[in-house]
Amino acid sequence: MSVNNTQRVDLQVIADLIRPGARVLDVGSGDGALLELLEGHRKVDGRGLEISQRGVNECVARGLSVVQGDADRDLVFYPDRGFDYVVLSQTLQATHNPRAVLEELLRIGDRAIVSFPNFGHWRVRLSLLFKGRMPVTKDLPYSWYDTPNIHFCTIRDFVALCEEIGATVESAAALDANGQKIGLSMPWWFWNFFGQQAVFLLKR
Amino acid sequence: MTRSRVAKARDEANEPSSQVVRFGPDKPLKLAAGLTLSPFQVAYQTYGSLNGDRSNAILICHALTGDQHVANPHPVTGKPGWWEALVGPGQVIDTDRFFVICANVIGSCLGSTGPASLNPETGEPYGLDLPVITVKDMVRAQVMLVDHLGIGRLFCVIGGSMGGMQVLEWAASFPERVLTAVPIATGARHTAQNIAFHEVGRQAVMADPDWNGGAYLKSGKHPGKGLAVARMAAHITYLSEPALHRKFGRNLQDRDQLTFGFDADFQIESYLRHQGITFVDRFDANSYLYLTRAMDYFDLAAEHDGHLTRAFTGTKTRFCVVSFTSDWLFPTEESRMVVHALNAAGASVSFVEIDTDRGHDAFLLDEPEFHAAVEGFLKSAARNAGISS
């Protein structure tokens, strides 16, 4: 199964990182697309945390175990090592305290999988350089004043944060607009320039 | 008419028109108060049929003033069952698929042993001689009923408000017998504010001279005025300010102007009076005292050394917790507390908060998003459990 949503091109890449039958917490589970993919094809024991009531109700009506809650506030209630993987897909940039959230992920899960849109992509850079305006692209469709994305970062920024909090990067991938991995063995600067999305598998 | 309803309600307390299981001296009910209740009886309704491997039973737990008549006309009032919006063939709780059980709780007055039941030792109604009943006691009695029906594990235990307390108690005390649990508009404890409202209700009942120290059935009295006031006060807590305003505003009742008196000038007054009057016909005043007390005493964390998480440690039960945005009796925060405890216990839990202005009573009403969530949860759980549709 492939996910045909251009904004969620990372889902298949994330799913491929997850061991079948694992216990997975999906933070920011949205309408449940990833959980459904995982439960259907990887037979995982999946749980979700989602901030929007609409998303939660949709998930529960689809039979997924999802609770309404806020990653910034509610992760503290989950026990240490309660899950094999904690996934934060396209949500990091919308949290109030990305660093604290990342640390919670690494506490709750044996592994954390984080994906985010790369603010260092060349289109973003060009947009800012030539237009002098905050970029509004297909991937980042919001204007600066009404965006839920309050903490954008680049791939390099994220790697620096991982180092700062002592997280080990077990694997990483930069994705193009179609969710294809680009230049598998390229240096960070290349990914940071050409990757639209990044997916990291972390451990502490 | 009114008199006959009261008489009918009193008949139902001892000889209900429901099915009844009577537990003799060999099967006493151990109460949290440290006493035993024996003999005692449980009145219940069932809908649908039990499948071959007895795996499709859903136990519905009713609220404070509810009863076992979930999806059939009420024997006293003739009104439709209180959860016909959810229960029936092809409905959210599909009686074509599930075997649905609802038992009158111990302490109530529709056929399970309560203060209006005859005390076999005296031949008179128990009145206040009945020991205080707790939510745990209600659940223990339901366990005995479920045993009697030959059901080992329930597919689901579901209920709102006091019914939700029973759901949590079931899941905490008998986790291996509950595959899924749906506590709705409830909490793991009764808050100080809720106890306060209940105390107002009880004082209203006890202030009625016809209450007669609880012995009104012996003396042929009916403390309807006190109980009606209790119901009126409680009913306000089941609604919400916006819903009341939308429905009644400051509209006048059958008149064009204020009367400068104490008649029911406003529609809301008339509505509440009606709620009070119709309630006292069908409900026993002492039962109201016992059941409000049971809710007040409920504190699941206290039963587990103050740690709610411990109530659910190691549970395999799948939970679906539901709250309503405008419910100020059991606000979402109370549900969230349960959800956090379940998360900490590593339980499988879904939690939906339904956006509505209809207050606590929303769980009884036609709320499509609420119904969709419960239906989706039950369907997926039934699929996992191999219960065919």
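None of the values given here were measured: they were computed from a predicted structure. (Residues numbered from 1 in each chain as written. Chains lettered and ligands numbered in written order. Predicted model: local features only at pLDDT ≥ 70, side-chain atom pairs only at ≥ 80, totals over all residues. Heavy atoms only, no water.)

Quick notes on the interface of chain A and chain B
On the chain B side, the residues contacting the 19 residues of chain A number 24 residues. At the boundary of chain A with chain B, total buried surface from both sides reaches about 1,700 Å², with 46% on carbon and sulfur atoms. Viewed at the interface, chain B and chain A are joined by 0 salt bridges. For the interface between chain A and chain B, the tally reads 13 residue pairs in polar contact (both at pLDDT 80 or more). (Contact = heavy atoms within 4.5 Å. Buried area = accessible area lost by both parts, 1.4 Å probe. Salt bridge = Lys/Arg side-chain N within 4 Å of Asp/Glu carboxyl O. Polar contact = N/O pair within 3.5 Å; in protein donor to acceptor, adjacent residues only side chain to side chain.)

Here we look at the domain arrangement of chain B
Residues and elements named next belong to chain B. The assigned domain composition of chain B is domain 1 (2-191 + 301-384) and domain 2 (195-292). For domain 1 and domain 2, the distance between their C-alpha centres works out to 25 Å. Carbon and sulfur atoms supply 62% of the area buried between domain 1 and domain 2, which totals about 3,000 Å² over both sides. On the domain 1 side of the interface with domain 2, the three residues burying the most area are Leu64, Thr65 and Trp328, jointly 21% of the side's total. The tally of links between domain 1 and domain 2 comes to 1 salt bridge. (Domains from an automatic or database assignment.)

Observations concerning the pattern of salt bridges
All names here are of chain A. Under the defined criterion, the tally for this structure stands at 29 salt bridges over all chains. Between Arg19 and Asp84 there is a salt bridge, with the nearest N and O atoms lying 3.6 Å from each other. A residue pair is termed long-range when its members are at least 10 positions apart, and Arg19 in the loop between helix H1 (10-17) and strand E1 (23-27) and Asp84 in strand E4 (residues 83-89) qualify at 65 residues. Looking at Arg19, the relative accessible area reads 46%, which means it is partly exposed. Ionic pairing is found between Glu36 and Arg62, a salt bridge with its closest N-O pair at 2.4 Å. Residue Glu36 is found in helix H2 (residues 33-41), and its partner Arg62 is found in the loop between helix H3 (53-61) and strand E3 (66-68); the two are separated by 26 residues along the sequence. Residue classification places Glu36 among the partly exposed residues on the basis of a relative accessible area of 35%. (Helix = DSSP H or I, 4+ residues; strand = E, 2+ residues; numbered from the N terminus. Buried < 20%, exposed > 50% of the residue type's maximum accessible area, 1.4 Å probe, protein only.)

Side note on the packing of aromatic side chains
The final tally for this structure, using the stated rule, is 22 aromatic pairs over all chains. With a centroid separation of 5.5 Å and an interplanar angle of 85°, the aromatic rings of Trp188 of chain A and Trp191 of chain A are classed as edge-to-face. With a gap of 3 residues between them, Trp188 of chain A and Trp191 of chain A both fall in helix H8 (residues 188-194), about one helical turn apart. Judged by relative accessible area, which is 5%, Trp191 of chain A ranks as buried. Plain terms: the ring middles of Phe193 of chain A and Phe194 of chain A are 5.1 Å apart, the flat faces sit at 75° to each other, and that makes the pair edge-to-face. By relative accessible area, which is 29% here, Phe193 of chain A ends up partly exposed. Taking the ring centre of Phe83 of chain A as reference, the NZ or CZ of Arg23 of chain A above it sits at 5.1 Å. In this structure, Arg231 of chain B is placed above the aromatic ring of Phe279 of chain B, and the distance from its NZ or CZ to the ring centre is 4.5 Å. (Phe/Tyr/Trp six-rings, centres within 6.5 Å; stacked < 30°, edge-to-face > 60°. Lys NZ or Arg CZ within 6 Å of the ring centre and 35° of its normal.)

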